[in-house]
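Below are the chains, spelled out letter by letter.
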Amino acid sequence: MIVSRRTASHAFFSSKVETWITDAVADGIADYTGLLRRLPGVYPTELLASLERLAASSAIDPALYATARQEAKPVSPSGAEGRSLLPLPHPLDYEWRFTADASRALLNHAADLTPDGSEVLLFGTPGLAAEALTLPISRRMSLLVEPNSVTDRLVALNRATGSPLAIAFCSGGLPRDSADAVLLDPPWYLDFVRPMLTAAAHACRLGGFVLISLPPDGARPTAATDRQAAITLAKRLGLTLVERQPLSIAYETPFFERNALRAAGIATPPQWRRGDLLVFQRVAAPCLPAPHSHRRRLWAEVVIGRMRLFISMGANADNGDADLVSIVAGDVLPSVSRRDPRRSSANVWTSGNRVFRTNNPQLLLEAAISCAGEAMGSGFQPWLWGTLRGGEAIERVAAELRDLAALEAAEETGAPAETERSAVWRLSTTISSTGSTAIRSG
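Keep in mind the model is a prediction, meaning the values are calculated, not measured.

Conventions used here
- Residues numbered from 1 in each chain as written.
- Predicted model: local features only at pLDDT ≥ 70, side-chain atom pairs only at ≥ 80, totals over all residues.
- Heavy atoms only, no water.
- Core = buried A, V, L, I, M, F, W, Y, C linked by side-chain atoms within 4.5 Å.
- Buried < 20%, exposed > 50% of the residue type's maximum accessible area, 1.4 Å probe, protein only.
- Contact = heavy atoms within 4.5 Å.
- Salt bridge = Lys/Arg side-chain N within 4 Å of Asp/Glu carboxyl O.
- Helix = DSSP H or I, 4+ residues; strand = E, 2+ residues; numbered from the N terminus.
- Pairing = 2+ DSSP bridges.
- Axes fitted to C-alpha atoms, helices over the stretch in contact; angles between N-to-C directions.
- Parallel < 35°, antiparallel > 145°, perpendicular 65-115°, else oblique.
- Left-handed = near helix turned anticlockwise from the far one by under 90°.
- Nonpolar A, V, L, I, M, F, W, Y, C, P; charged D, E, K, R; others polar.
- Arc of directions from axis to C-beta.
- Polar contact = N/O pair within 3.5 Å; in protein donor to acceptor, adjacent residues only side chain to side chain.
- pLDDT = per-residue confidence, 0-100.

A few words now on the nonpolar core. Judged by nonpolar contacts, the single largest core of 60 residues is most densely connected at Tyr32, Leu35, Leu39, Leu47, Leu51, Leu122 and Leu183. Residues within four places of Leu47 in sequence aside, it is in contact with Ile21, Tyr32, Leu35, Leu36, Leu39 and Val42. Formed by 29 residues, the second largest nonpolar core is a distinct cluster that contains Leu121, Leu214, Leu239 and Phe280.

In this section: the pattern of salt bridges. Per the stated rule, a full pass over the model turns up 22 salt bridges. As a salt-bridge pair, Arg282 and Asp177 come within 2.5 Å of each other at their nearest N and O atoms. Placement of Arg282 in strand β7 (residues 274-282) and of Asp177 in the loop between β3 (165-169) and β4 (179-184) is noted, with a sequence separation of 105 residues between them. Taking the relative accessible area as the measure of exposure, Asp177 reaches 43% and is therefore partly exposed. Where Asp226 meets Arg220, a salt bridge forms, and the shortest distance between an N and an O atom there is 3.1 Å. Accessibility expressed as a relative area gives 15% for Asp226, which makes it buried.

In space, the 5 strands of this open sheet follow the order β8-β9-β11-β12-β10, with antiparallel pairing throughout. With one partner strand each, in any of the chains shown, β8 (299-304) and β10 (325-326) form the two edges of the open sheet.

Between helix α3 (residues 44-56) and helix α4 (residues 62-71), whose axes approach to 8 Å, the crossing angle comes to 155°. Our classification of the angle between α3 and α4 gives roughly antiparallel. In terms of crossing hand, the pair formed by α3 and α4 is left-handed. Contacts from Leu48, Leu51, Glu52 and Ala55 in α3 reach Pro62, Leu64, Tyr65, Ala68 and Arg69 in α4. Residues belonging to the contact of α3 with α4 are distributed by class as follows: 7 nonpolar, no polar and 2 charged.

Direction vectors running N to C along helix α8 (residues 190-203) and helix α9 (residues 223-236) enclose 25°, while the axes themselves pass 10 Å from each other. Taken as axis vectors, α8 and α9 run roughly parallel relative to one another. Judged by the twist between their axes, the crossing of α8 over α9 is right-handed. When α8 is examined against α9, the residues Leu190, Val193, Arg194, Leu197 and Thr198 are found in contact with a partner set consisting of Asp226, Ala229, Ala230, Leu233 and Ala234. Here the contact of α8 with α9 is built from residues that sort into 7 nonpolar, 1 polar and 2 charged.

Take unusual backbone geometry next. Of note, Asp177 is a non-glycine position whose phi angle comes to about 50°, a positive value. Of note, the phi angle at Asn353 is positive, near 70°, even though the residue is not glycine. Looking at the element boundaries, Asn353 is found in the loop between β11 (348-350) and β12 (355-357).

Taken in spatial order, the 7 strands make up an open sheet running β3-β2-β1-β4-β5-β7-β6, and their pairing is mixed. Of all the strands in the sheet, the pair left with one neighbour each is β3 and β6 (239-250). Here the strands of the sheet are splayed against their neighbours by 20° on average, with no regard to which way each runs. By the bridge criterion, 5 bridges tie β4 to strand β5 (residues 204-214) in an arrangement that is parallel. Bridging across to β5, Leu183 finds its partner in Leu211. In the packing of helix α5 (residues 100-113) onto the sheet, contacts are made with β1 (119-123), β2 (140-145), β4, β5, β6 and β7, and the angle to β6 comes to roughly 155°.

Turning our eyes to something else, we now look at α4. Considered for burial, the residues of α4 that qualify are Leu64, Tyr65 and Ala68. Along α4, the residues classed as buried sweep out an arc of 95° about the axis, all on the same side. You can read the cap of α4 off the contacts: a side-chain oxygen lies 3.0 Å from the backbone nitrogen of Ala63, and it is on Asp61.

On to the confidence of the model for the chain. Averaged over every residue, the pLDDT of the chain is 87; the share at 70 or more is 85%. Below pLDDT 50 for its whole length, residues 419-442 participates in 57 contacts with residues either more than four positions away or in separate chains.

This is the structure:
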C-alpha cells in the first residue's frame, strides 16, 4: 500500500513537471538551462526524464529534447563556481550554501526587520556566517553550529577579523528568547526542519522574526505538503507566517553534487538551485518544548588537502584489510538523495561524493591521520604502529588516500587529473542495488 501510494504520488508529480515544461515551452523557453531555471526547483534528472516522455508522446518537438540532452551532456570538468574560504561542503552534512548575493540579501532582510543594535542569530549557516564577516552590519551577530572542519575555519576567520561573531556550539545548549531575528537553512527533510525550526522559535524573542529556506514545489513530490507541515508546526511554536518569497534564494552547486550529476552523465548551469524564503514572526510562546541540543555524530572527519574524508566508526571492524572497496561503478555515487539505498553500504565518504566500504575503519582512520599530519609537517610514524604488517598497511592505504585527494582536487578546479585510481580499488568488487544512474529528486 505504501509503495503504491509513493508510485501514485510520483506519477502525479511527474504530470505536474510536464505541465510546467509545456507551459514554459509555450512561452518560448526551449533550452535546457532556461527550463531548469524557469521550473520551480525541478532536479535536472527529473527535467530530462520529463522531456523524454513529452518528446516520445509528441507533446513537444522531439528536437527540443535532443537539443536539451546534448546541452546537458558534460564535456569536461568545469571547476568550482567560486572558491570559498571555507572547506568544501560534505554530502553527509546536507550542506548547500547560499550564493554571495543571496547571503547579502538575507542579511539585509534581517537587518530591515530589526532595529539597530539588535541580535541576529545564524543557525547552521556557515556560508552565511562567512559572508557576514565581510559586511558592515549594525547588528550583534551570533552563530550556532556543530563542531567540524568548517566550524574550525570559521573560528579562525572570525578571530582574524576581530571576532564580530559570537560562535557557540549546539552541544553547549540552545539559546532562549535572545535573538530579534533567526536565520536558518535546514536540510530539506522534515526530520531536520522540525527540530531546527523548534529551536529557532525558542531562540527568538517575542515580536522577533524567523527566516527559513524551504524546498520549492518542484524539488520533490512531497515539497508542498512538507512546507505546509512546517507552517502548521510553526503555529504550535507561536510563529505566524508573514511573508513567503518563492524561488528567491539562490544556492551554489556544491562540488559533491557536481560530481554526482557528472557521474549520471549530466552537467548543470551554475546556481540553478533555489529555495523558498518563509518569514515568521513570533507572536506567542511555543507550545512545544525545545529539542535536545546534541546530535550524536557517528562519523570521524579527517581533512587531507581540500578533501574532507568521513569514516564511520560505528561500523563493526573485523580487523581485516583497510582497503577501500567499491560500492558503485566509478566510485562516485550518482545521487545526492538520502533515499538512495546504496548509501547504507558506505562507511567511507569523501567530499567529492565518492563512497566506499572498508573492513577496518580504525586502521583507515590512522592512515588518514597520517596523510593529514604530513600536510602539516608532522605525520604519523608507521613504525610506531603495533606490528610491521600494520605499519605497512597504513603506508599503503595512506598512499591511496593521497592519490584520492589529488584526484578530487583536480576535479574541483577543473584541472587535468594526474592521478588514476589505484589497482587495489580497480580490483575491488562493485556492489550496486541497481544498474540505473538516475537520481531521484529529494
